[in-house]
Amino acid sequence: MHLNDTDRARIRDAVAQAESATEGEIVVVLARRSDAYHDVGLHMAVLAMLLVLVGTALWPGWLLAFHAWVEPWGDAPTPLFLLSTLAWVQGAVFLIVRYGCAWMPLRMALTPAATKARRVHARALLLFRAAAERRTVAATGVLLYLSLDEHRAELIAEAAIHDRVDPALWGDALAALLVALKQDRPADGIVAAVGAIGAVLAEHFPTGARPMNELPDRLIEL
């Protein structure tokens, strides 16, 4: 999933068109992902290690079977042998899962949806504060943030907009974006979302006598 120069030009033109009828300023940010999720890989490895312990508690016979395979003519297994075997298996499972999760697609697949939602929102809020908040005279900045790997989008508006616009009105913009994203058409989705955002802003914040372009229209790619 990628954008070419034509897509970038379409998005820039869509932002300019949307802002032509409103005092609102729209900033569009596109990111591959919002977090590396390294902690998720670590948590999954620890969970796998604990599951080995749980499995052993439910079916301890595998330790005896392993001892019989290693020492078919030996004495009964000692506690040291059993605990050492369990520790080695747990360590091996931990390393296998930990290094398996170094592969990003697997790490993303194992990351809970709630975790993705929190990380995307946190990144969007950080970018909003850096790129849009308090950067316009009328405090009418809006950030549209799209995180591709998570298939999630966030729309954050300044207080002047938030106080006058029902958040439910942004639903159409985000819905159009996410539908297009699932169909591998990110540019079409962004253009549609920008148009929907512009329509809402034009209704509540129509353009003044001296329209200004205070924030960049171009797509910001991270």
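These numbers were taken from a predicted model, which means no experiment stands behind them.

Engineer: Just checking my understanding: could you explain the overall build of the protein for this structure?
Structural biologist: Secondary structure assignment for the protein yields 9 helices and 4 strands. In the protein, the succession of helices and strands from N to C terminus is α-β-α-α-α-α-α-β-β-α-α-α-β. At 26 Å, the protein has a C-alpha radius of gyration far larger than the 17 Å of a compact globule built from 222 residues. Projecting the C-alpha coordinates of the protein onto the three principal axes gives extents of approximately 95 × 35 × 25 Å. Residue burial in the protein is summarised as follows: out of 222 residues, 37% are buried. Considering only residue pairs separated by 6 or more positions, the protein has 76% of its internal contacts joining residues 24 or more positions apart. One way to put it: in the protein the 20 positive side-chain charges average out to a point 3 Å from where the 24 negative ones average out.

Engineer: How should I be thinking about the environment of Asn 4 in this particular structure?
Structural biologist: Note that Asn 4 resides in the segment before helix 1 (5-19). There is a polar contact of 3.1 Å between the side chain of Asn 4 and the backbone nitrogen of Thr 6.

Engineer: Explanation requested: the pattern of salt bridges in the structure shown.
Structural biologist: Side-chain pairs of opposite charge can arise where the charged atoms are in close proximity. Inspection of every chain in the model, using the stated rule, returns 10 salt bridges. The partner of Arg 8 in a salt bridge is Asp 5, with the nearest N and O atoms 3.1 Å apart. Here the residue Arg 8 and the residue Asp 5 both occupy positions in helix 1, the gap between them amounting to 3 residues, near one helical turn. Asp 5 gets classed as exposed once you look at its relative accessible area, which sits at 61%. A salt bridge links Asp 149 to Arg 33; the nearest nitrogen and oxygen atoms lie 3.0 Å apart.

Engineer: Would you take a moment to explain the sheet that holds strand 1 (residues 25-31) for this structure?
Structural biologist: Paired through backbone hydrogen bonds, the strands of a sheet run either parallel or antiparallel to each other. Pairing within the open sheet is mixed, and its 4 strands lie in the order 3-2-1-4. The open sheet has two edge strands with one neighbour each: strand 3 (152-157) and strand 4 (220-221). Against the sheet, helix 6 (residues 113-131) engages strand 1, strand 2 (141-147) and strand 3, with an angle of about 40° to strand 3.

Engineer: Is there a simple way to explain the pairing of strand 3 in this structure?
Structural biologist: Consecutive side chains of a regular strand alternate in pointing toward one face of the sheet and then the other. Within strand 3, 5 of the 6 residues are buried, leaving the element largely enclosed by the surrounding structure. Relative to strand 3, strand 2 is paired through 6 bridges, and the arrangement is antiparallel. Looking at strand 3, one finds that Tyr 145 is bridged to Glu 154. The antiparallel hairpin formed by strand 2 and strand 3 contains 4 residues in its connecting segment, where His 151 sits at a positive phi of about 55°.

About the cut-offs
Residues numbered from 1 in each chain as written. Predicted model: local features only at pLDDT ≥ 70, side-chain atom pairs only at ≥ 80, totals over all residues. Heavy atoms only, no water. Helix = DSSP H or I, 4+ residues; strand = E, 2+ residues; numbered from the N terminus. Rg over C-alpha atoms; globule rule 2.2 N^0.38 Å. Buried < 20%, exposed > 50% of the residue type's maximum accessible area, 1.4 Å probe, protein only. Contact = heavy atoms within 4.5 Å. Lys, Arg positive; Asp, Glu negative; His and termini not counted. Charge placed at Lys NZ, Arg CZ, Asp CG, Glu CD. Polar contact = N/O pair within 3.5 Å; in protein donor to acceptor, adjacent residues only side chain to side chain. Salt bridge = Lys/Arg side-chain N within 4 Å of Asp/Glu carboxyl O. Pairing = 2+ DSSP bridges. Axes fitted to C-alpha atoms, helices over the stretch in contact; angles between N-to-C directions.

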